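Geometric and topological summary
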Amino acid sequence: MDTISWQTARPEETPELREITAALDAFHEWLAEHDHMERGQLISEALDVLTGDAHDDVADFEAVLAVEFEEFFPLDRAYLNALAGDSELVCIAEENASVRRTWVETGSVTDHVSFSESRRGDSETPSTRTAATAAYFAEETSPADPETGSVSVLAADSSDEQLAEIANEIEALVAQQDWSYDDIAVATKQSGSAVTDVIEAFERSGIPTESTTVTGFGDDPAIRELLAVVRYLAADDDDDDVPEYGPDLDAERLDRAAEMDGLEDALRWWATESGLKERIAQRASPLDARTQFGNVKRAFRMAEFLEDTEFVDGTWASLAEMLERAHEYAPQQNQTSATDLDGGVRVDHLQAIKNESFRTVFLVNLVDSEYPGDPFLSRLFPTERVASMPDYPGVTQLDSREVDATFPTTSTASGRPFAQYHTEHARRRLAVGAGVASERLYCCLYEFEDTALEERAQASRFLTAAYDDLPWVTEADDPAITSERAAEEYLLSRVDDALAEVNRANSQDVTVSLDEVEAELGEIQELLEQSGARGEELRKALRARVELATGEVRR
């Protein structure tokens, strides 16, 4: 429904999509009857006003300049045309750079519009190796070596170790005099959990982060606590089945809140008296704390809305139902470019950082299962069902000519246009990410999947081709140990590696020098003896690691 709201698509052929559209229309009608509007209707409603007979001039201007025109949806273009009116309209688009629009429309944006005049800017030779790599991913061209900048392949055994290697490399960069965390970005292919997993790994390593992907209403502990309060206040006095949900609540404070006039005032009083603000600040990172404060304000606005509106009862029961629905159906993460950023390593999906610039960019998970991976358009239907829908509000029905008109690259031998299209679209995302880096680009991957069988992960076909065609794409140097966490992880992993080598010698025709292993572990022990109380803690961790590996103790 949300996808359809933002587009001009009106599915008529696919039965399931017709049902969804009918439900969406009924929802919009219900909102209109109560003087409300869904956010996805804003552009279409504004377009209707601009193209109607009775409207005043929106603004006094002589020209409209539209940037990033390559990403404008059909509805965006219609609104822009109506807004400009008789004024001069100038649109600037970047070739071979569309990610958002090409998810729903094939070809170049200039294939769908006509201008009285068009001009193509001269393409400059890439001035850095990062820009040249971006051009290679976007256009499959191999420019001459610019000899400035660096592009490195950073490989690790597992996805978790990949993040640890990235964290260690970041610490090495910011240890230099003229570097800061704000100079660095880490980009994932998708938003949601892919971003939050990286943020959590960095927070454990002590690296500050910022992101437009934040904790959503559906997974906010502060909202869960407010929901428990509202459920308690909504329960009848003679109802024995009072919901037990969330933390222990002060009954005396809740009884006092129930006696107050007004839902919003009572909820605000309870949040203040219970110390909710202080607890949010204590238990959450700065980014999540700010987000949770915003979610709590949203809960206050819900209470205010119930008190002010006439078509819903302003009772605790109504607020409980409203808050429960919002909590149940809201996403666990919200993605919004309106999030205030306050410094740190930028962690986001590729599309969110498209038009920004960072001195260093880490592209994570460059394995074939991710780039290109399998096409994914909707959780509502299987991919094969979506691919057969001619009126789905996304790119499904294709022929080879449309693939060629949209992407100049050829990265797959598949004869199926649908698979070809989404493979090239994944490559386009890599081009966008590489273009954000101004000095250093790290292509990060791992060798084994995190499964019981530890299947080997294949490097992305795009990265493999770049490694063969671009001489400046080289393996990253073994990172120096630059943080206490990295030192601890090396220390513990070295014991694991030594035990694994000895065990391997028992089953395979390999030779292991026990003298070298003993000498290295002896050096570690000597270092720990000189490290005081911290060394003694690590010595205990080492001893536990050995006992666990040899089977003396079990989890």
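Structure's up top.
Anyway, here's the lowdown on the structure attached to this text.

Quick notes on the rules
- Residues numbered from 1 in each chain as written.
- Predicted model: local features only at pLDDT ≥ 70, side-chain atom pairs only at ≥ 80, totals over all residues.
- Heavy atoms only, no water.
- Salt bridge = Lys/Arg side-chain N within 4 Å of Asp/Glu carboxyl O.
- Helix = DSSP H or I, 4+ residues; strand = E, 2+ residues; numbered from the N terminus.
- Buried < 20%, exposed > 50% of the residue type's maximum accessible area, 1.4 Å probe, protein only.
- Patch = residues over 30% accessible without salt bridge, like charges linked within 9 Å, V, L, I, M, F, W, Y side chains within 5 Å.
- Areas by Shrake-Rupley, 256 points an atom, 1.4 Å probe, with all protein chains shown as cover.
- Polar contact = N/O pair within 3.5 Å; in protein donor to acceptor, adjacent residues only side chain to side chain.
- Contact = heavy atoms within 4.5 Å.
- Pairing = 2+ DSSP bridges.
- Axes fitted to C-alpha atoms, helices over the stretch in contact; angles between N-to-C directions.
- Parallel < 35°, antiparallel > 145°, perpendicular 65-115°, else oblique.
- Left-handed = near helix turned anticlockwise from the far one by under 90°.
- Nonpolar A, V, L, I, M, F, W, Y, C, P; charged D, E, K, R; others polar.

1. A word on the pattern of salt bridges
- Tallying each qualifying case throughout the model produces 23 salt bridges.
- Two residues, Glu71 and Lys354, come together in a salt bridge whose shortest N-O distance is 2.7 Å. Remark: Lys354 occurs in the loop between strand S8 (345-349) and strand S9 (358-363) and Glu71 occurs in the loop between strand S1 (63-66) and helix H4 (74-84); sequence separation between them is 283 residues. No difference in accessibility class separates Glu71 from Lys354, as the two residues are buried.
- Among the ionic pairs, Arg456 bridges to Glu447, the shortest N-O distance being 3.9 Å.
- For Arg456, a relative accessible area of 53% gives the class exposed.

2. Description of a nonpolar patch on the surface
- Together, Met1, Phe27, Trp30 and Phe311 line one region of the surface with nonpolar side chains, adding up to about 380 Å² of accessible area.
- Inspection of the secondary structure assignment puts Phe311 in the loop between helix H12 (286-308) and helix H13 (316-329).
- With relative accessibility at 32%, the residue Phe311 sits in the partly exposed group.

3. Remarks on unusual backbone geometry
- Looking along the chain, the bond that leaves Tyr371 and enters Pro372 is cis, with omega of 10°.
- When you line up the elements, Pro372 lands in the loop between S9 and helix H14 (383-387).
- You will see that Asp35, though not glycine, has its phi angle at about 60°, which is positive.
- Here Asp35 lies in the loop between helix H2 (15-33) and helix H3 (42-51).
- The backbone of Glu147 shows a phi angle near 65°, a positive value even though the residue is not glycine.
- Summarising the element assignment, Glu147 is placed in the loop between helix H5 (129-139) and strand S3 (150-156).

4. Re the side chain of Thr102
- Along the chain, Thr102 falls in the loop between strand S2 (88-91) and H5.
- Polar contacts involving the side chain of Thr102 include one to the main-chain carbonyl oxygen of Val99, which spans 3.3 Å.
- Apart from residues no more than four positions distant in its own chain, Thr102 is found in contact with Gly107, Val395, Thr406, Tyr421 and His425.

5. What about the pairing of S9?
- Taking burial as the measure, the six residues of S9 include six buried ones, the bulk of the element.
- Relative to S9, strand S4 (residues 184-188) runs parallel, the two sharing four bridges. From the neighbouring strand, Ala187 faces S9, where its bridge partner is Leu363.
- Inspection of the sheet shows S9 paired to strand S10 (residues 437-446) by five bridges, in the parallel sense. For Phe362, the partnering residue across the bridge sits in S10 and is Tyr442.

6. Considerations on the sheet that holds S9
- Strand order in the open sheet formed by seven strands is S5-S8-S4-S9-S10-S3-S11, and the pairing between neighbours is parallel. The open sheet terminates on both sides in strands that have one partner only, identified here as strand S5 (209-210) and strand S11 (473-475).
- In this structure, S5 lies alongside S8, joined through two bridges in parallel fashion. Residue pairing across strands places Glu210 opposite Arg346, the latter belonging to S8.
- Lying over the sheet, helix H7 (residues 193-204) contacts S4, S5 and S8, oriented at roughly 160° with respect to S8.

7. Let's talk about the packing of H5 against helix H16 (residues 417-436)
- Put simply, H5 and H16 touch, their axes get as near as 8 Å, and they point 165° apart. Of the possible angle classes, the one that applies to H5 and H16 is roughly antiparallel. Where H5 crosses over H16, the handedness of that crossing is left-handed. Every residue of H16 that contacts H5 at Thr130, Ala134, Tyr136, Phe137 and Ala138 is listed here: Arg427, Leu430, Ala431, Ala434 and Gly435.
- A class-by-class count of the residues in the contact of H5 with H16 yields seven nonpolar, two polar and one charged.

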